[in-house]
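What the coordinates show
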Amino acid sequence: MTKSKYLALPKGVSENRFDAAIKKFTAAVGADHVLTSAEHLAPYTKVMMAVETAKHHPSAVIMATSVEDVQAVLKVCNEYKIPVWTISTGRNFGYGSAAPVERGQIVLDLKKMNKIIHIDPELCTALVEPGVTYQMLYDYIEENKLPLMLSFPAPSAIAGPLGNTMDRGVGYTPYGEHFLMQCGMEVVMANGDVLRTGMGGVKGDKAWQVFKWGYGPTLDGMFTQSNYGICTKMGFWLMPKPPVFKPFEIQYENEADIGEIVELLRPLRIAQIIPNAVVIAGVLWEASTCNTRRSDYLTTPGHTPDAVLKQIQKDKHLGAWNVYAALYGSAEQVEVNWKIITETIKRSGKGTLITQEEAGDRQPFKYRAQLMSGVPNLQEFGLYNWRGGGGSMWFAPVSQARGGECEKQVKLAKTILNKHGLDYVGEFIVGWRDMHHVIDVLFDRTSEEETRRANACFNELLDEFEKEGYAVYRVNTAFQERVANSYGPVKRDVERKIKRALDPNGILSPGKSGIRI
Amino acid sequence: MKHTLKKSAGLAAALVLLAGNASSGWAQDTLKISEGQRFYQKVCAKCHEAGTGPVILGRGLPEIAITTIARHGNNAMPAFRLSDIDDATLQDLAAYVSKSPAPKKP
């Protein structure tokens, strides 16, 4: 890497040329909104991935405050062929955080575009800008006493709906499949055109946030996990706050119970007896989020032996698997469904039911109940303390909601992780018919040796799962090119053709999901 | 790669405060507290008073340590950007944390 006054330079762009581009960016959005010093770029460089930090260093950061800013930035990017990586709240922890997929891209930070444009408490819809966080929405809803409930991922207090939905993240309420609840987008295209999806293009329309499909091809999906445009407004549906919310846990003693748990839950989930995205969390996930550190038990390197896992399970009053779900509705509805659930568990002869009254303020039950009822918190960051050192990469293969499949995935993942001296820290998030099997590959990033092992481990996880017909639904920026190959050459070719048509200079997040011109 | 840290306050004045628009500000503040203290309560406390991060109130931590770690992150802790919290608010937060009395034991 040649020496430069910039932390990095875009690929193929000389320092002089970049100077000229920076001048134009400054003229467009103001000097205060163009950052180039190492000091100001530092918070954009904290990656948790098992690769060299410098590989993801940005060359500059532009903070936009309006759609016009975004258009002006893209004009300069097109003129100077500067690649631009867009973030909303930049809290995609374990997936790359705020750093670009490739060294030298400028970061377009939309955090300051943070207006809650509209919340309709009757139709239960919202329209927000990219910088709006779930905490801001929660405060707004509370302040205005709106009868609405949010759905969000665990870093809820600092993450936001637009970014999470655009990356097809999930939450824990009945509205937990966030992209399913999205309705209407405003997207700035590479040439500066502003596209509104769904009903948004119709003059005088009022149905943008209530009817998803519009007319002709429905385009929203192609802007998620992609680099075809920059979403500057997004509509989504909110759940009416139910009169009764009843969270509960079912603890299972043995790791081998996973198959039975899934078989038991699937019919309840598909029939909407349990309406929310149920979680089946492994013992280490739960231990970490009630402030258990590996160093409390072991100082030796390598994976944590099963005997220690059992001891933790006992000490912290956890199951080998911990199912969290909730009922929502009127007292009568909840009562009927609770009866079905308790009888189903009883019949199965396995599993200990724990209610909120029994759990009290105990963690991790408390934060799980908060996640299932839309109350922001950051308790899940406890995961990063399990091993310490700040390394985290989500390995998230999709599976059918079948007991045998889930059992197979757990065994395969644990074997590979343990082989590399790392632990299985995983949970299943139950969709209607699928499982997001979410495994946090945790490692000590301050140890070069452990970081190398984590990288090798992640590669092996991808390879071995692929051999069994499994692929991840989302991945950190260091592995996006690799994962694009799992989905086959035809899909890649179609994506490239679309990219070339919409962004002929390839300025928008080149490399996102492996897509380039 | 190491970068030198310099204090910079120049940018702060022109920047909009976090959540600075009418429809999205932190709600439910009945007490008059500073922007820094508000940020601490809304964000930092969710880890630093929940056992996830270490207790930072009442320890007389140097302000520079607080601002540096906030901007860079540390292990489990995320890094906070100018777009999350401007320099003036971060400085105010650091002063609040540094000078705060120790929290009462439950």
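Definitions and limits used
- Residues numbered from 1 in each chain as written.
- Chains lettered and ligands numbered in written order.
- Predicted model: local features only at pLDDT ≥ 70, side-chain atom pairs only at ≥ 80, totals over all residues.
- Heavy atoms only, no water.
- UniProt positions renumbered as here; feature names shortened; annotations may be inferred.
- Pairing = 2+ DSSP bridges.
- Helix = DSSP H or I, 4+ residues; strand = E, 2+ residues; numbered from the N terminus.
- Axes fitted to C-alpha atoms, helices over the stretch in contact; angles between N-to-C directions.
- Domains from an automatic or database assignment.
- Buried area = accessible area lost by both parts, 1.4 Å probe.
- Salt bridge = Lys/Arg side-chain N within 4 Å of Asp/Glu carboxyl O.
- Polar contact = N/O pair within 3.5 Å; in protein donor to acceptor, adjacent residues only side chain to side chain.
- Nonpolar A, V, L, I, M, F, W, Y, C, P; charged D, E, K, R; others polar.
- Contact = heavy atoms within 4.5 Å.

An unreviewed UniProt entry lists chain B under the name Putative p-cresol methylhydroxylase subunit, with Polaromonas naphthalenivorans as the source organism.

If you check an unreviewed UniProt entry, chain A appears there as 4-cresol dehydrogenase (Hydroxylating) from Polaromonas naphthalenivorans. Quoted straight from UniProt, the Cofactor (unreviewed entry) entry for chain A says "FAD".

1. Quick word on the sheet that holds strand β8 (residues 182-188) of chain A
All names here are of chain A. The strand order across the open sheet formed by five strands is β5-β6-β10-β8-β9, and the pairing between neighbours is antiparallel. Each end of this open sheet is capped by a strand with a single partner; those strands are β5 (116-120) and β9 (194-196). Adjacent strand axes in the sheet meet at a mean angle of 10° when their direction is disregarded.

2. Focus: the domain arrangement of chain A
One frequently used descriptor of interface size is the decrease in accessible area upon assembly of the parts. Residue and element names in this part refer to chain A. When its domains are assigned, chain A resolves into domain 1 (15-109), domain 2 (116-240), domain 3 (244-468) and domain 4 (479-514). The centre of domain 3, based on its C-alpha atoms, is set 33 Å off from the matching centre of domain 4. When domain 3 packs against domain 4, close to 490 Å² is buried across both sides, 59% of that on carbon and sulfur atoms. Scanning the region where domain 3 abuts domain 4 turns up two salt bridges. Arg482 is paired through a salt bridge with Asp463; the nearest N and O atoms lie 2.9 Å apart. Put simply, domain 3 and domain 4 have three residue pairs in polar contact (both at pLDDT 80 or more) between them. Here the residues of the side of domain 3 that touches domain 4 are counted per class, giving three nonpolar, two polar and two charged.

3. With respect to the side chain of Lys499 of chain A
Inspection of the secondary structure puts Lys499 of chain A in helix α15 (residues 489-502). Not counting residues within four places of it along the chain, the set of residues in contact with Lys499 of chain A comprises Asn227, Tyr228, Pro504, Gly506, Leu508, Ile515, Arg516 and Ile517 of chain A.

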